[in-house]
Amino acid sequence: MGLLMNTEEALLFIEKLLAQQGYRLNDLERAIFRGAWQGKSYKEIHRNYNLQVSLDHAMRNVGPKLWKLLRKALDEPIRMKDLQGPILRAYAALAASPAVAAEIPPEVSPTMPDSLTSAPIVSWEMTPDVGIFCGRNPDLADLREHIDVGGRLIVILGMAGVGKTTLAIRLAQQVQDQFEVVIWRSLSVNRYESLAALTQDLLRVFGQLPDEPPMSSNYITNLWHYLSRYRCLIVLDGLEAVLQTSSDTGSFQKGCEPYGELFHRIGDTYHRSCLILTSRERPQELANMGRGEHAPVYIHPLDGLGEQAAREMLLSKYDLEGSEQAWSLFVRLYAGNPFALNIAASKIHDLYEGDIAQFLEVHAQETAIFGEIRSQLSQQFTRLSPKENVILTYLVKAGEPVRRNQILHNIAPRVSNEDLDQSLQSLMGRSLIQRNNGHYSLESFILEYAQELTNNQ
């Protein structure tokens with residue numbers, strides 16, 4: 001039986017070789033290599049990998065430069081249509097040398113058929129429709145880069161309605177061809193009572209692989225068998241569903257503590273799989289992980305949309321009109337939050353004949369927090385600890401950005417100096433407060449909702 005390498009194994013192997021010559025592939029070169037290894041033409045690669053350059057540039061410049069680099073690294077002629085032979089021969093030659101074989105990473109295991117990479121096993125359960133995708137290309141590019149450089153645990157962090165799920169879906173769609181198994185699960189929808197229940201579900205998907213199932217009584221060990229052997233992408237949406245309420249952010253619910261053990265193993269141990277999490281809150285387990293530009297653990301804070309992107313999104317659904325000033329005020333009123341903007345835009349379309357200025361005039365006297373916007377914020381605020389509530393109440397009364405010492409002076413002794421730092425960090429981890437130039441404040445629509453709560457107490 002001949003030597004076999006799948007796409008990611010071959011890519012990892014040649015990246016190791018090129019790194020020895022001081023060269024690092026970029027995302028474009030990786031995409032072209034992956035496509036060529038799978039026997040695709042430039043046209044197919046351009047279409048399937050959504051290259052951000054013209055087809056002509058890829059054919060005339062990027063590809064030829066890549067093949068020239070490989071010729072130099074392998075000391076053998078390289079052609080796009082005959083890529084596998086020279087690389088397999090180079091690997092076999094290195095593996096045959098005892099002095100060199102020890103340096104070949106164990107993750108390059110030339111025994112797995114490449115067909116799994118070209119046709120991944122995909123399980124997208126309860127995945128919502130993405131719909132219009134606006135203004136998130138920089139976020140998408142940043143996240144894809146971290147996957148391309150070996151990111152193992154990626155967290156998309158942001159408040160309710162900001163678009164974490166939409167971004168995670170689009171990201172998974174764009175990178176799924178790089179993986180052999182792709183799984184999407186929503187923790188908030190499925191309500192897995194424990195990691196054991198989730199793992200049992202995931203193992204049913206992995207059971208489709210041509211491999212003997214693991215026999216360990218430890219479910220994390222069983223899951224790790226597949227994550228370390230195959231290149232897998234797992235997306236867990238809504239991590240806050242397994243975190244505690246009424247406490248500072250990040251503590252797991254009773255019975256869900258093993259999630260933390262899994263995250264540490266995924267982040268701290270070398271493998272080629274990737275776990276993507278979306279969460280309204282930052283898990284404490286990740287507090288000391290993910291440092292550095294290309295760290296294997298990466299936390300990506302997601303803010304609201306900019307004015308232009310929000311406008312493009314809303315006009316694709318609703319017939320709205322307004323001056324530049326009206327649009328700017330409207331988007332800033334909801335801090336660019338796509339969910340809140342959509343709810344408000346629907347109301348403007350149905351009740352105000354699409355006139356944004358009329359809506360703003362009415363809601364200058366009345367609350368701009370209504371319907372599902374209030375419901376979303378209520379869910380997030382009910383998760384706050386008593387100390388966090390004390391801090392938010394003070395920020396509401398202050399009505400302007402304040403420094404840390406001002407906060408401490410006004411809420412002591414209810415919140416100690418030490419607890420203040422933890423609670424401020426927790427509130428920022430929930431995306432409920434922001435810090436600019438040493439001052440803490442709330443976004444306008446969060447401030448308005450918090451004022452309602454304070455007035456009703």
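Placed above this text is the structure.
Small disclaimer: the values here were computed from a predicted structure and weren't measured. (Residues numbered from 1 in each chain as written. Predicted model: local features only at pLDDT ≥ 70, side-chain atom pairs only at ≥ 80, totals over all residues. Heavy atoms only, no water.)

A. The overall build of the protein chain, seen in detail. Regarding its fold elements, the protein chain presents 22 helices and nine strands. Across its three principal axes, the protein chain shows a C-alpha extent of roughly 75 × 50 × 40 Å. In the protein chain, buried positions account for 52% of the 457 residues. Looking at the protein chain alone, contacts between residues at least 24 apart form 72% of all its contacts between residues at least 6 apart. About 21,300 Å² of surface is accessible on the protein chain, with carbon and sulfur atoms providing 48% of the total. In the protein chain, which carries 44 positive and 54 negative side-chain charges, the distance between the mean positions of the two groups comes to 4 Å. (Helix = DSSP H or I, 4+ residues; strand = E, 2+ residues; numbered from the N terminus. Buried < 20%, exposed > 50% of the residue type's maximum accessible area, 1.4 Å probe, protein only. Contact = heavy atoms within 4.5 Å. Areas by Shrake-Rupley, 256 points an atom, 1.4 Å probe, with all protein chains shown as cover. Lys, Arg positive; Asp, Glu negative; His and termini not counted. Charge placed at Lys NZ, Arg CZ, Asp CG, Glu CD.)

B. Spotlight on the sheet that holds strand β1 (residues 121-124). Pairing in this open sheet of six strands is parallel, and the strands run β1-β3-β4-β5-β2-β6 from one edge to the other. The open sheet has two free edges, formed respectively by β1 and β6 (297-301), since each of these has just one partner strand. Averaged over all pairs of adjacent strands, the angle between their axes in this sheet comes to 10 degrees, without regard to strand direction. Bridge count for β1 against strand β3 (residues 181-186) is four bridges, and the pairing is parallel. Paired with Ser123 across the bridge in β3 is Ile183. Those strands touched by helix α8 (residues 137-148) are β2 (153-157), β5 (274-279) and β6, and its axis lies near 175 degrees from that of β6. Along the sheet, helix α11 (residues 195-206) makes contact with β1, β3 and β4 (232-237), crossing β3 at roughly 150 degrees. (Pairing = 2+ DSSP bridges. Axes fitted to C-alpha atoms, helices over the stretch in contact; angles between N-to-C directions.)

C. Quick look at helix α13 (residues 258-268). For α13, the full list of buried residues reads Pro258, Tyr259, Gly260, Leu262, Phe263, Ile266 and Gly267. Buried residues in α13 make contact with β2, α10 (187-190), α11, α12 (219-229), β5 and β6.

D. Representation of helix α16 (residues 338-351) within the structure. The end-to-end C-alpha separation of α16 is 20 Å, in line with the 20 Å expected for 14 residues at 1.5 Å each. Buried within α16 we find Pro338, Ala340, Leu341, Asn342, Ile343, Ala344, Ala345 and Ile348. At its buried positions, α16 is contacted by α14 (307-315), α15 (324-333), α17 (356-362), α18 (371-381) and α22 (444-456). The backbone nitrogen of Phe339 has a side-chain oxygen 3.1 Å away, supplied by the residue at the start of α16, namely Asn337. Just downstream of α16, Glu353 is the residue with a positive phi angle, here 55 degrees. (Expected span 1.5 Å × (residues − 1). Polar contact = N/O pair within 3.5 Å; in protein donor to acceptor, adjacent residues only side chain to side chain.)

E. Spatial organisation of unusual backbone geometry. Omega for the peptide link from Ala412 to Pro413 comes to 5 degrees, which places this bond in the cis form. Summarising the element assignment, Pro413 is placed in the loop between α20 (404-411) and α21 (417-429). Despite not being glycine, Asp75 shows a phi value in the positive range, around 55 degrees. Within the element layout of this structure, Asp75 appears in the loop between α4 (55-74) and α5 (84-96). Here the phi dihedral of Ala335 falls at roughly 55 degrees; this positive angle occurs in a residue that is not glycine. Inspection of the secondary structure assignment puts Ala335 in the loop between α15 and α16.

F. Highlighting the side chain of Arg185. Position of Arg185 relative to the elements: it lies in strand β3. You can call Arg185 buried: its relative accessible area is 2%. Engagement of the side chain of Arg185 in a polar contact is seen with the side chain of Ser123, the distance being 3.0 Å. Excluding residues that lie within four positions of it along the chain, Arg185 makes contacts with Ser123, Glu125, Asn190, Tyr192, Leu198, Asp201, Leu202, Val205, Val235, Leu236 and Asp237.

G. Structural view of the pattern of salt bridges. Applying the stated criterion across every chain yields a total of 15 salt bridges. Of the charged contacts, one joins Lys387 and Asp419 as a salt bridge, the two residues approaching to 3.9 Å between their closest N and O atoms. Of this pair, Lys387 sits in helix α19 (residues 386-398) while Asp419 sits in helix α21, and the two are 32 residues apart along the sequence. For Lys387, a relative accessible area of 31% puts it in the partly exposed group. Notably, a salt bridge pairs Asp421 with Arg404, separated by 2.7 Å at the nearest N-O pair. Pair noted here: Asp421 is in helix α21 and Arg404 is in helix α20, with a separation of 17 residues, a long-range link. The partly exposed category is assigned to Asp421, whose relative accessible area is 40%. Look at the salt bridges and you will find they share partners, linking Glu281, Arg383, Glu388 and Arg430 into a network. (Salt bridge = Lys/Arg side-chain N within 4 Å of Asp/Glu carboxyl O.)

Geometric descriptors of this kind do not, in isolation, establish any biological role.
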